[in-house]
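What follows is each chain in one-letter form.
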Amino acid sequence: MTDERQDPTRRTGLVLTVTAAVVTAVIGASPALGARFPGDLILTTVHDGPFEAGGTGTFSIDVTADPASAGIGYPTEVTYRFPAGLTPVRASGAGWRCRITADDIGCETRELASPGFQLPRITVGVAVAGDATGTLTASGRAVQAVAVPTGTRPAAATVASTVQIVPATPAT
């Protein structure tokens, strides 16, 4: 708990207390007295498939703090791997910093989420190989991006999403 007498920059107890707990946790020190650590994350994906061979598609990735948790009080990282036949070409989301490396995307945010709150959606555009066929599975993981105190584990979630690839429609 923050002592108001020791911090002349304090504007409101709620803002300062939350900020102090987050900053302390991010740098790996002991959390401020009364700080709560997050429970599990919930990671979901949807896509606009089936995808057409040689075409494009979009995956949407959502990260939510478990309603039974203390919320996400740490930076969060999402990694998502696409199989051969699906190549990520863009990845973005409000408040997320995203990068693409080969067939993977990685996004991170410092946005905080209270229990049950969904972080802003990540949207990933993919190019579908002209010779892609069948069902392809992409998989991802969301995790706290910082160390947590001894005896606890980082909040994390994994997900897999399959998409059907249909033959290209012949040009007429």
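Residues numbered from 1 in each chain as written. Predicted model: local features only at pLDDT ≥ 70, side-chain atom pairs only at ≥ 80, totals over all residues. Heavy atoms only, no water.

## A closer look at the pattern of salt bridges
Now for step 1: Throughout the structure, instances matching the rule amount to three salt bridges.
Now for step 2: As a salt-bridge pair, Arg-121 and Asp-62 come within 2.7 Å of each other at their nearest N and O atoms. Within this pair, whereas Arg-121 is found in the loop between strand S7 (104-109) and strand S8 (122-128), its partner Asp-62 is found in strand S3 (residues 56-65), the two being separated by 59 residues in sequence.
Now for step 3: Judged by its relative accessible area of 7%, Asp-62 is buried.
Now for step 4: One salt bridge connects Arg-97 with Glu-108, and the closest N-O pair in it is separated by 2.1 Å. Here the residue Arg-97 occupies a position in strand S6 (residues 97-101), and Glu-108 occupies one in strand S7, the gap between them amounting to eleven residues. (Salt bridge = Lys/Arg side-chain N within 4 Å of Asp/Glu carboxyl O. Helix = DSSP H or I, 4+ residues; strand = E, 2+ residues; numbered from the N terminus. Buried < 20%, exposed > 50% of the residue type's maximum accessible area, 1.4 Å probe, protein only.)

## Points about the nonpolar core
A general trend in soluble globular proteins is that nonpolar side chains are found buried together.
Now for step 1: Counting 31 residues, the largest nonpolar core has Phe-59, Phe-82, Leu-86, Val-124 and Ile-165 as the members making the most contacts within it.
Now for step 2: Secondary structure elements with two or more residues in this core: strand S1 (41-47), S3, strand S4 (76-81), strand S5 (86-92), S7, S8, strand S9 (134-144) and strand S10 (156-166).
Now for step 3: With sequence-adjacent residues up to four places away left out, Leu-86 is seen in contact with Phe-51, Phe-59, Asp-103, Val-126, Ala-127, Val-128, Leu-136, Val-163 and Ile-165. (Core = buried A, V, L, I, M, F, W, Y, C linked by side-chain atoms within 4.5 Å. Contact = heavy atoms within 4.5 Å.)

## Thoughts on the sheet that holds S8
Now for step 1: The strand order S1-S3-S8-S5 describes an open sheet built from four strands, whose pairing is antiparallel. Every interior strand has two partners, whereas the edge strands, S1 and S5, have only one. This sheet shows a mean twist of 25 degrees between the axes of neighbouring strands, independent of strand direction.
Now for step 2: Bridge analysis of S3 against S8 gives six bridges, and the strand direction is antiparallel. By the bridge assignment for S8, Ser-60 is matched with Thr-123. (Pairing = 2+ DSSP bridges. Axes fitted to C-alpha atoms, helices over the stretch in contact; angles between N-to-C directions.)

## Remarks on the state of the cysteines
Now for step 1: With the rule as written, the count across this model stands at one disulfide.
Now for step 2: The residue that forms a disulfide with Cys-98 is Cys-107, at a sulfur-sulfur distance of 2.1 Å. Measuring the twist about the S-S bond at about 115 degrees, one finds the Cys-98-Cys-107 disulfide to be right-handed.
Now for step 3: Residue class for Cys-107 comes out buried when judged on its relative accessible area of 1%. (Disulfide = S-S within 2.5 Å.)

## Regarding the confidence of the model for the protein chain
Now for step 1: Considering every residue of the protein chain, the mean pLDDT works out to 75; 69% of them sit at 70 or more.
Now for step 2: Taken as a whole, residues 1-38 scores under 50 in pLDDT and shows 38 contacts with residues more than four places along the chain or in a different chain. (pLDDT = per-residue confidence, 0-100.)

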